[in-house]
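Geometric and topological summary
Residues per chain are reported as follows:
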Amino acid sequence: MDIKIRRIAHIVLFVRDPEASAAWYSKVLGMQASARASGGPYAGGIFMTFGESDHDIALFPRPE
């Protein structure tokens, strides 16, 4: 069964490894990274999109 999601209303997920999570969302759901947070409180965060909006999911490093 193919998953065909086109849009998600802004979701923020705090994950252990944003890079690994972004790779999963890209491979399984066909999402693309649209931006990366290089500084500030969410440094290392990755914003993912289905291509319809600037981002649909934000993947931030979870706090210890």
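In this report, we go over the structure that sits alongside the text. (Residues numbered from 1 in each chain as written. Predicted model: local features only at pLDDT ≥ 70, side-chain atom pairs only at ≥ 80, totals over all residues. Heavy atoms only, no water.)

Remarks on the overall build of the protein
We count it as follows: We count a stretch as a helix when DSSP gives it H or I for four or more residues in a row; a strand needs E for two or more, and each element gets its number in order from the N terminus. We take the radius of gyration over the C-alpha atoms and set the globule estimate at 2.2 Å times the residue count to the 0.38 power. For every residue, the accessible area obtained with a 1.4 Å probe (protein chains only) is divided by the maximum for its type, and the residue is called buried under 20%, exposed over 50%, and partly exposed between those limits. Note on definitions: a residue-residue contact is assigned when non-hydrogen atoms from the two residues lie within 4.5 Å. The protein chains shown are the only cover counted for residues, whose accessible areas, like all others here, come from Shrake-Rupley with a 1.4 Å probe.
Looking only at helices and strands, the protein features 1 helix and 4 strands. Reading the helices (α) and strands (β) of the protein from amino to carboxyl end gives β-α-β-β-β. Expected size for 64 residues packed as a compact globule is a radius of gyration near 11 Å; at 11 Å, the protein falls within 12% of this value. Counting all 64 residues of the protein, 31% fall into the buried class. Residue pairs at least 24 apart in sequence account for 47% of intrachain contacts in the protein once pairs closer than 6 positions are excluded. Of the roughly 4600 Å² of accessible surface on the protein, 52% is carried by carbon and sulfur atoms.

Points about the packing of aromatic side chains
We apply this condition: For this analysis, a ring pair means two rings from Phe, Tyr or Trp (six-membered ring only for Trp) whose centres lie within 6.5 Å, classed as stacked if their planes differ by under 30 degrees, edge-to-face if by over 60, and tilted for the remaining angles.
Throughout the structure, instances matching the rule amount to 5 aromatic pairs. With centroids separated by 6.4 Å and ring planes inclined at 50°, the aromatic side chains of F14 and Y42 adopt a geometry described as tilted. Of this pair, F14 sits in strand β1 (residues 11-15) while Y42 sits in the loop between β2 (32-36) and β3 (46-49), and the two are 28 residues apart along the sequence. Judged by relative accessible area, F14 falls into the partly exposed class, the value being 45%. On the basis of an interplanar angle of 85° and a centroid distance of 4.9 Å, the ring pair of W24 and Y25 is categorised as edge-to-face. Residue W24 is classed as partly exposed on the basis of its relative accessible area, which comes to 45%.

Notes on the sheet that holds β2
Working definition: the strands of a sheet are paired by backbone hydrogen bonds and lie parallel or antiparallel to each other. Using the following cut-off: Strands are labelled as partners when DSSP assigns at least two bridges between them. Each axis is a line fitted through C-alpha atoms, and for a helix only the stretch in contact is used; angles between axes span 0 to 180 degrees, taken between their N-to-C directions.
Pairing is mixed across the open sheet formed by 4 strands, whose spatial order is β1-β4-β3-β2. The open sheet has two edge strands, β1 and β2, and neither has a second partner. When strand polarity is set aside, the average angle formed by the axes of neighbouring strands in this sheet is 25°. With 3 bridges joining them, β3 and strand β4 (residues 57-61) adopt antiparallel strand pairing. Bridging from a neighbouring strand, M48 pairs with I57 of β4.

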